[in-house]
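Here's the letter readout for the chains.
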Amino acid sequence: CSNTRFSRLMATVNLLPNVDVSNSPAWTLSTGSDVYDLINDDHTGFASGDSRNLSATATGKTCVVQLQDFTEDHSSIDSVQLVTKAGNNGRGQSFELETKLLPVFGSPYYTETSGTQLASAGYRTQTYTNRTTYDGSNAWNNIRVNGLKVSVELDSHSGGTTRFTYTYVIVTYTEPLATDNAVFFGTNF
């Protein structure tokens, strides 16, 4: 009689921007010419001290970036969740982002806003809905997650300068079936 157990572990991976798709109407780039390169690393200090960001002083600025492919060994993709990090340090100012998760081709999977974000000296993290399906009923799979794009638009802006410094998608997945022989080796000898 074998006491071998089988277990499945949940894991997560962050997919970062790695390709520019568009920047029109353009966010202002703090340096360089690649949008994705300015929003794929986390800045933890004050927004005014961040030398790697996108900025805007008016609504409508929209960028689209493609994310890294999902390459983890898995038995299922359980959910996808978008995260952005942006801020406006102008006293009394506010902003709102409109985000879209997009396939390689076609209509957006989801459109969601950040809600009104109030001014602060540092960036604020906007965490969007954890999506278990790409269309309300069908589970995510490699075809849907690979080539995933993110659109971020400055939808509302009361004044000052809004800075956008980071975005990624958290993919939660189930690892393949693994055999745990600890019980077998611990009790059958």
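Source: prediction; values computed, not measured.

The rules behind each value
- Residues numbered from 1 in each chain as written.
- Predicted model: local features only at pLDDT ≥ 70, side-chain atom pairs only at ≥ 80, totals over all residues.
- Heavy atoms only, no water.
- Phe/Tyr/Trp six-rings, centres within 6.5 Å; stacked < 30°, edge-to-face > 60°.
- Helix = DSSP H or I, 4+ residues; strand = E, 2+ residues; numbered from the N terminus.
- Buried < 20%, exposed > 50% of the residue type's maximum accessible area, 1.4 Å probe, protein only.
- pLDDT = per-residue confidence, 0-100.
- Contact = heavy atoms within 4.5 Å.

A.B. asks: Now, about the packing of aromatic side chains: what can you tell me, with residues and values included?
C.D. replies: Taken as a whole, this structure holds six aromatic pairs when the rule is applied. Judged by centre distance (5.3 Å) and plane angle (70°), the ring pair of Phe-70 and Tyr-173 falls under edge-to-face. Placement of Phe-70 in the loop between strand E6 (62–67) and strand E7 (76–88) and of Tyr-173 in strand E13 (residues 162–174) is noted, with a sequence separation of 103 residues between them. The buried category is assigned to Tyr-173, whose relative accessible area is 5%.

A.B. asks: Go over the confidence of the model for the protein chain, please, and point to the residues and values.
C.D. replies: The pLDDT averaged across the protein chain works out to 91; a share of 89% of its residues lies at or above 70. In this model, residues 1–6 is a region of pLDDT below 50 whose contacts with residues beyond four sequence positions or in other chains number 18 contacts.

A.B. asks: Which residues make up the environment of Thr-31, and what values go with them?
C.D. replies: Take Thr-31: it is sitting in the loop between strand E4 (28–29) and helix H1 (35–38). Note: C-alpha distance between Thr-31 and Ser-51 (20 residues apart in sequence) is 7.6 Å. Contacts of Thr-31, omitting those with residues within four sequence positions, involve Leu-38 and Ser-51.

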